[in-house]
Amino acid sequence: MAVMPDRASQHPHDQLALAVALVLIVIWGGNFTLQKYLFDRITPGGFLWARYLIMPVCALLLMRWRFGRWLPSLPRKDWMQMAWLGFLGHSMHVGLVTYGIHWSTAFSSSVILASGPILTLLILRIQGLERLTGAQMSGVALAFGGILLFLSDKLLGGNWRAGGGDLVLLVAAAFFSYYTVAVKPVMEQHGPVLTMGYATLLGGLPVMLLSVPAGLGANWAVLDFWAWVGLLVSIVVSAFLGWLAWGWINTVRGVARSAPLLYLMPPMAGLFAWALSGEHYSWIKIAGAGVTLLGVALAQYAGQIKWRLR
């Protein structure tokens, strides 16, 4: 039978971490619809400008709180590595995700980005860091088949903007998968706070500078009080505090027990998009999303399932 976790050996904050994780999934699921609302009013470039004016301030405050210094010491040889991680995780991933969500739909964006784990596995396989079992390779093939099925209604229907947005999101997911692999040894050496802080500062600066014209040209007056609240929630709560909370959740519950919760995000994003923006889904799209998530789950966890006799 399947091995069950020993409740006595669980972390004392295990149930709290589960509750925080579920709240976070709801926030992340709703953030897709919230971002599309904001993009329509201040443009994706305006949003990026605001994000990378606010995020570096959050990073500096975090490092000040954690280390007692605004800019903790960092060996000179590690500056370029932090800049490279920032370029992958912020300049490329976040930049492409922002425009991909704008061109696509909230539900599609959540499904495509959920394919990230299979891209991470492929990168690990290419680099010779991990061998994939036959079941995992079947999961990879199934997930890519689900993505093709998911995109088929848009591409066959001539909806090139939305289909193109999904392809941009797939490229963005690949950048984040590479970032996930590259950041692991750096986090083990410097810790998550220092790594996140410097990657945010060094990776966000180019995006902020490139977004200055869009930011200055955005119609900020169109945002009412609740839209400003939504902007801060999207940037500070969902993006910055959300990933800090997710790191704590993984520390308490373990990655293997926490990661499956991310598969709740596409259904949650779809529910928010349907309820708040009137997004509708064909049976082909629902089937494609289901096949994609099934393939991702099989690829990620096929090698981790342990069985034993009583």
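In case you missed it, the structure is sitting above this.
Here is a short report on the structure shown in this document. (Residues numbered from 1 in each chain as written. Predicted model: local features only at pLDDT ≥ 70, side-chain atom pairs only at ≥ 80, totals over all residues. Heavy atoms only, no water.)

Let's shift gears to the side chain of K285. Tracing the sequence through the fold places K285 in helix α12 (residues 283–301). For K285, the side chain forms a polar contact with the side chain of S108, separated by 3.5 Å. (Helix = DSSP H or I, 4+ residues; strand = E, 2+ residues; numbered from the N terminus. Polar contact = N/O pair within 3.5 Å; in protein donor to acceptor, adjacent residues only side chain to side chain.)

Attention shifts here to the pattern of salt bridges. One pass over the full model with this rule turns up two salt bridges. K77 serves as the salt-bridge partner of D78, at 3.2 Å between the closest nitrogen and oxygen. (Salt bridge = Lys/Arg side-chain N within 4 Å of Asp/Glu carboxyl O.)

Another aspect to go through is the packing of helix α1 (residues 14–67) against helix α2 (residues 76–103). At a minimum axis separation of 8 Å, α1 and α2 run at an interaxial angle of 160°. In terms of axis orientation, α1 runs roughly antiparallel to α2. When the axes of α1 and α2 are compared, the crossing they make is left-handed. Two secondary-structure elements touch here, α1 through F32, Q35, K36, F39, D40, P44, G45, F47, L48, R51, Y52 and M55 and α2 through H90, V94, G95, T98, Y99, I101 and H102. Taken together, the residues of the contact of α1 with α2 break down into ten nonpolar, six polar and three charged. (Axes fitted to C-alpha atoms, helices over the stretch in contact; angles between N-to-C directions. Parallel < 35°, antiparallel > 145°, perpendicular 65-115°, else oblique. Left-handed = near helix turned anticlockwise from the far one by under 90°. Contact = heavy atoms within 4.5 Å. Nonpolar A, V, L, I, M, F, W, Y, C, P; charged D, E, K, R; others polar.)

On the surface, V57, L61, W70 and L71 cluster together to form a nonpolar patch covering roughly 390 Å² of accessible area. Within the secondary structure, L71 sits in the loop between α1 and α2. A relative accessible area of 45% means that L71 is categorised as partly exposed. (Patch = residues over 30% accessible without salt bridge, like charges linked within 9 Å, V, L, I, M, F, W, Y side chains within 5 Å. Areas by Shrake-Rupley, 256 points an atom, 1.4 Å probe, with all protein chains shown as cover. Buried < 20%, exposed > 50% of the residue type's maximum accessible area, 1.4 Å probe, protein only.)

Before going further, it helps to spend a moment on the nonpolar core. Note on soluble globular proteins: their nonpolar side chains tend to be buried together. By size, the foremost hydrophobic cluster in this structure holds 59 residues, and its most contacted members are I42, F47, Y52, Y198, W220, L231 and F240. For this core, the secondary structure elements donating two or more residues are α1, α2, α3 (106–113), α5 (134–156), α6 (160–190), α7 (192–210), α9 (225–253) and α11 (265–277). Looking at this core, the element that brings in the most residues is α1, giving 18 residues. Not counting the four nearest positions on each side in its chain, W220 is found in contact with I42, G46, W49, A50, G215, W228 and L231. Residues A114, L132, V296 and Y301 belong to the second largest nonpolar core, which totals 14 residues. (Core = buried A, V, L, I, M, F, W, Y, C linked by side-chain atoms within 4.5 Å.)

Our next topic: the packing of aromatic side chains. Per the stated rule, a full pass over the model turns up ten aromatic pairs. Relative to F87, the ring of W84 lies with its centre 5.7 Å away and its plane at 20°, an arrangement referred to as stacked. Residue W84 and its partner F87 are located together in helix α2, separated by three residues, close to a single helical turn. A residue is classified by how much of its surface remains accessible, and W84, at 41% relative accessible area, is partly exposed. Ring centres of W220 and W228 lie 5.8 Å apart, and the angle between their planes is 20°; on these two criteria the pair is classed as stacked. Linked through ring pairs, W49, W220 and W228 together constitute an aromatic cluster. (Phe/Tyr/Trp six-rings, centres within 6.5 Å; stacked < 30°, edge-to-face > 60°.)

Before going further, it helps to examine α2. Across its 28 residues, α2 extends 40 Å between first and last C-alpha, which sits within 8% of the 40 Å expected from 1.5 Å per residue. At F87, α2 shows its maximal kink, close to 35°. (Expected span 1.5 Å × (residues − 1). Bend = angle between axes of the 7 residues up to and from the residue.)

Right, let's talk about α3 for a bit. For α3, the buried fraction is high: seven of the eight residues fall into the buried class. For α3, every residue scored as buried is listed here: A106, F107, S108, S109, S110, V111 and I112.

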